[in-house]
Amino acid sequence: MEIGFINFNTGEKKRIAKIMQQLMESEAIEELGIGRVRDHFSNTLFPGTSTLQHHAKYFVVLPSLYYHTAYSSRRFHSTAEVDRYIKEAEIEITRQMATKPDGSTRTDITGITGINTYREAMTDYRKYVKYDPAYIYGSGLVRFGIVPDGNINRLILELNHRHLAAAGDKMTDNPDTLSGETQLIRTCGETYVFARGTDTIMDMTLNANEASFLKGCIHQKCKGTLLDFLLESPHNIDKKLHYFNLVEILAGLNSATYDCYHMSVLFSKLVHLIDWRYNRTYYNSFGNADEAGRCDAMYSDLYGLYESALVNKNAYDSLFDYIRLIDPMLTDFFESCYSAIRAGDTPRIDSLVRSREYVVKRERSKIGNIAYKNDRRIDPAPNTFRWETVRTMVNEIRHPL
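J.: Lay out the environment of Glu-158 in plain terms, naming residues and giving numbers.
T.: Assignment of secondary structure puts Glu-158 in helix α7 (residues 152–166). When the C-alpha atoms of Glu-158 and Thr-79 are compared, they prove to be 9.4 Å apart, with 79 residues separating the residues in sequence.

Okay, here's the thing in structure tokens:
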């Protein structure tokens with residue numbers, strides 16, 4: 001595999017910073033069906049993470065909650081009962097995280113799940129957020145080997161029944177219905193208070209024991225990934241460090257992951273340009289010349305920024321070979337767009353994105369659809385494969401209390 005080396009001089013870095021600042025309120029659009037390839041890069045480089053996650057603390061608090069629930073003296077009779085108990089405890093966790101020592105609500109920490117709904121949810125758990133911590137962090141807990149794969153509420157119910165049976169409680173369920181050998185839930189050994197009616201507050205920052213536990217789990221289950229490498233990196237991972245510039249701190253990373261990172265950058269730059277052509281085509285289909293012109297101008301600026309990478313045809317050929325195994329039809333689309341971009345044939349790119357959207361969305365296509373005529377589109381930002389989430393959580397693990 002032949003990969004082009006990506007580097008930026010001081011002038012290019014300043015241009016990146018300027019354009020990314022303009023796009024700070026933007027996000028990547030998903031009308032062209034890139035999810036399978038995008039998620040492949042994200043899962044390969046940063047397994048166990050998602051854009052819904054915010055703080056590493058949940059990875060140590062939630063398994064403790066599950067363990068506490070399974071081995072409590074209370075007997076649960078159904079997974080629905082377990083689910084309600086967990087949800088109510090999560091609401092209490094949110095209260096603790098959101099409360100300052102003086103009793104006021106925190107405004108200095110973002111990413112506390114349910115911070116805007118927990119007061120109502122304290123009296124009615126059904127008013128809690130749709131995506132609760134168990135949902136948001138569940139796949140990561142499995143990926144890091146902290147809980148086993150499968151229905152966590154069912155596992156808690158089974159462990160609860162076994163625990164009480166061992167303690168002499170007569171079970172009303174047939175033990176043959178249990179799933180047999182079950183992996184225990186791993187915890188960091190810290191004690192947390194999940195019961196309501198206390199003045200307990202919870203610091204979002206990990207302590208040394210929590211950080212060591214989580215780091216060990218990630219190292220054991222995600223060895224060789226970029227996530228694992230960053231946890232051990234001697235370099236400072238500054239908030240201003242953009243995903244495209246990670247190459248500056250990747251010396252010593254294994255070659256396979258290094259190549260994957262570089263291909264993800266090439267992929268992101270190509271998609272970013274195509275996304276802006278999509279928006280241009282969308283606005284142009286409704287005769288919105290001002291917005292279409294703005295998209296043209298932004299496309300030109302980005303092309304100038306990305307040109308040094310785009311001219312490396314060998315690197316992009318390697319990228320296409322790599323992603324063809326993941327999504328062959330999308331790869332064909334990208335190859336055609338790449339050729340048109342290199343040739344400066346923007347009408348061809350616009351025609352390709354129109355066709356691609358119809359293939360992906362069919363009757364839900366937005367280009368030229370009168371139902372969307374007055375809708376303003378979000379400005380597309382480059383895919384950074386969960387980097388903002390990863391950077392926060394890695395720094396939290398690297399710098400505990």
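J.: Describe in detail unusual backbone geometry, supporting the description with residues and values.
T.: Despite not being glycine, Arg-362 shows a phi value in the positive range, around 55°. For Arg-362, a relative accessible area of 42% gives the class partly exposed.

J.: Which residues make up the packing of helix α13 (residues 328–343) against helix α14 (residues 346–361), and what are the values?
T.: Interaxial distance between α13 and α14 falls to 9 Å at its minimum, and their mutual angle equals 165°. Comparing the axis directions of α13 and α14 gives the class roughly antiparallel. The crossing of α13 and α14 is left-handed. Of α14, the residues touching α13 (which contributes Met-329, Leu-330, Phe-333, Ser-336, Cys-337, Ala-340 and Ile-341) are Arg-348, Ile-349, Leu-352, Val-353, Arg-356 and Val-359. Across the contact of α13 with α14, the residue classes tally to 10 nonpolar, 1 polar and 2 charged.

J.: Describe the side chain of Asn-153, and please don't skip the residues or the numbers.
T.: Assignment of secondary structure puts Asn-153 in helix α7. Not counting residues within four places of it along the chain, the set of residues in contact with Asn-153 comprises Thr-79, Val-82, Asp-83 and Ile-86.

J.: Quick rundown of the packing of helix α4 (residues 79–98) against α7? Include the residues and the values.
T.: Geometry of a packed helix pair, given as the angle between the helix axes and the separation of the axes. Relative orientation of the contacting elements α4 and α7 amounts to 105°, with a least axis distance of 9 Å. When the axes of α4 and α7 are compared, the pair comes out roughly perpendicular. Contacts between α4 and α7 pair Thr-79, Val-82, Asp-83 and Ile-86 from the former with Asn-153, Arg-154, Ile-156 and Leu-157 from the latter. The residue makeup of the contact of α4 with α7, split by class, is 4 nonpolar, 2 polar and 2 charged.

Conventions used here
Residues numbered from 1 in each chain as written. Predicted model: local features only at pLDDT ≥ 70, side-chain atom pairs only at ≥ 80, totals over all residues. Heavy atoms only, no water. Helix = DSSP H or I, 4+ residues; strand = E, 2+ residues; numbered from the N terminus. Buried < 20%, exposed > 50% of the residue type's maximum accessible area, 1.4 Å probe, protein only. Axes fitted to C-alpha atoms, helices over the stretch in contact; angles between N-to-C directions. Parallel < 35°, antiparallel > 145°, perpendicular 65-115°, else oblique. Left-handed = near helix turned anticlockwise from the far one by under 90°. Contact = heavy atoms within 4.5 Å. Nonpolar A, V, L, I, M, F, W, Y, C, P; charged D, E, K, R; others polar.

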